[in-house]
Amino acid sequence: MSAEVEQPQIPIVKKKPNCFVGFANLPNQVHRKSIKKGFQFTLMVVGESGLGKSTLINTLFNTSVYHNKEPHDGEEPAKTIKIETITTNLEENGIKLKLNVIDTPGFGDFVNNETSWKPILEDIEARFDSYLEQENKVNRKKIVDERVHACLYFIAPTGHSLKPIDIEFMKRLHHRVNLIPVIAKADLLTEEEIAGFKARIMEDISYNKIQIYRPPIYENDDPETLQENKEIVLRMPFAVVGCDKEIEMNNKKIRGRQYPWGIIDVDNEDHCDFIKLRQMLIRTHMEELREYTNEVLYENYRSNKLIASGNEFGDGGNPLARFEEEKKAHEAKMTKMEAEMKMVFQQKVQEKKNKLMQSDADLHARHKEMKEKLVNQRRELEETKRQLESGVRPGTPEKSRKGKGYFK
């Protein structure tokens, strides 16, 4: 076999225009197009019931995303019974965001939790399959992207370490979605307990080789961005407190919770990690989460799916052989459909025939009945005629002549 011919490298010459040309405005063009089109972000929340998932989402976006789940006075919060998507259209300074929040069943609330992760994984993969199917269509202008860009996994504030169900869930899903673990209701723990809890969680994650989302660090980032990303990584997993109600503190309205021993300010970094979570999830890395989902997680799933579909035919991924197999399968499917349609047609014809035969029998029975009635009416008329002709009043019996002889 002949050796491959090396392609000559084309030298790249860097030059600057002598005057302003205009391609420096490309970022502005992209900016205007993005504002016109708007943005979309899909966030999944997973965790046990009662960990404040709904409250934290409302706190993150500073609006009532879960407005229909807020309990009335004296009413217990309703538990989610199925995976559902809550869509909210948000707008901030002219920027539109279509937010899809995927609410999941109370994870770990059942007696047997061995396969609690399965319906959630199936939902994520079904969204990948839907996007892949749309990509393979001839018309791809209106592709609906429902892929999950991030998953907030809520860890109960036990203060010990990850539960087996937590480890199993993250091991099953870390290759399908950007996992962001958060310690829910961190106000139930002291600062020392939170620090130890975080260290043990990260040890479990590292030991089980679980990949969680960490902000990427680029060489061309400015020192301020590098420092912000390092601080975010050091705060993981985020110990958060959610509260969408305002209280008064030092003649100032804040979002927080009031206890006998003091006040928890949600927006104070010294009290919890809510600010760092919001900064990473919304303010600085939302687009990074979208890109990583599309370029890494989805591409890996797509490649494995296509390879598996090629191996199903045993052709080593040969497109022509796959086409022939698909053609044969399609022809077999069409033949089966034709036979089924023919059978259905014959059944319909037989049903119609039986119906006509039954209708014909009914008509014959009615004809016979009417004929018998007419014969009876004719007999009655003939009897009446005979009586009239004989001078006997119709309906009156004739008197015997022998009876008249007694009176002579």
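Higher on the page you've got the structure.
Colleague: Can you break down the overall build of the protein residue by residue, with the values?
Modeller: Helix and strand content of the protein: 10 helices and 9 strands. Looking at the 408 residues of the protein, the share that counts as buried comes to 31%. Sequence separation of at least 24 residues holds for 65% of the intrachain contacts in the protein that already meet a minimum separation of 6.

Colleague: Residues and numbers for a negative patch on the surface, please.
Modeller: On the surface, a cluster of negative charge is made up of E191, E192, E193 and D270. Residue position: E192 is located in helix 5 (residues 191–207).

Colleague: Describe the pattern of salt bridges, naming the residues involved and giving the relevant values.
Modeller: Counted by the stated rule, this structure contains 19 salt bridges. In this structure, the salt-bridge partner of E269 is K276, at a minimum N-O distance of 3.7 Å. For E269, a relative accessible area of 32% gives the class partly exposed. Note on K276: relative accessible area 5%, which makes it buried. Between E382 and R378 there is a salt bridge, with the nearest N and O atoms lying 3.4 Å from each other.

Colleague: Give me the lowdown on helix 3 (residues 118–135), citing residues and values where you can.
Modeller: The end-to-end C-alpha separation of helix 3 is 26 Å, in line with the 26 Å expected for 18 residues at 1.5 Å each. Within the sequence span of helix 3, burial applies to I120, L121, D123, I124, R127, F128, Y131, L132 and Q134.

Colleague: Tell me about a nonpolar patch on the surface, and please be specific about residues and values.
Modeller: A cluster of nonpolar residues, V21, F23 and L26, forms a patch on the protein surface that exposes about 330 Å² of accessible area. Secondary-structure assignment places V21 in the segment before helix 1 (26–37).

Colleague: Please set out unusual backbone geometry residue by residue, giving values where relevant.
Modeller: With an omega dihedral of -5°, the bond running from M236 to P237 counts as a cis peptide bond. Relative to the assigned elements, P237 resides in the loop between helix 6 (223–235) and strand 6 (238–239). Even without glycine at this site, N62 takes up a positive phi of about 50°. Within the fold, N62 resides in the loop between helix 2 (53–60) and strand 2 (84–92).

Rules of the game
- Residues numbered from 1 in each chain as written.
- Predicted model: local features only at pLDDT ≥ 70, side-chain atom pairs only at ≥ 80, totals over all residues.
- Heavy atoms only, no water.
- Helix = DSSP H or I, 4+ residues; strand = E, 2+ residues; numbered from the N terminus.
- Buried < 20%, exposed > 50% of the residue type's maximum accessible area, 1.4 Å probe, protein only.
- Contact = heavy atoms within 4.5 Å.
- Patch = residues over 30% accessible without salt bridge, like charges linked within 9 Å, V, L, I, M, F, W, Y side chains within 5 Å.
- Areas by Shrake-Rupley, 256 points an atom, 1.4 Å probe, with all protein chains shown as cover.
- Salt bridge = Lys/Arg side-chain N within 4 Å of Asp/Glu carboxyl O.
- Lys, Arg positive; Asp, Glu negative; His and termini not counted.
- Charge placed at Lys NZ, Arg CZ, Asp CG, Glu CD.
- Expected span 1.5 Å × (residues − 1).

Keep in mind these values describe shape, not function.
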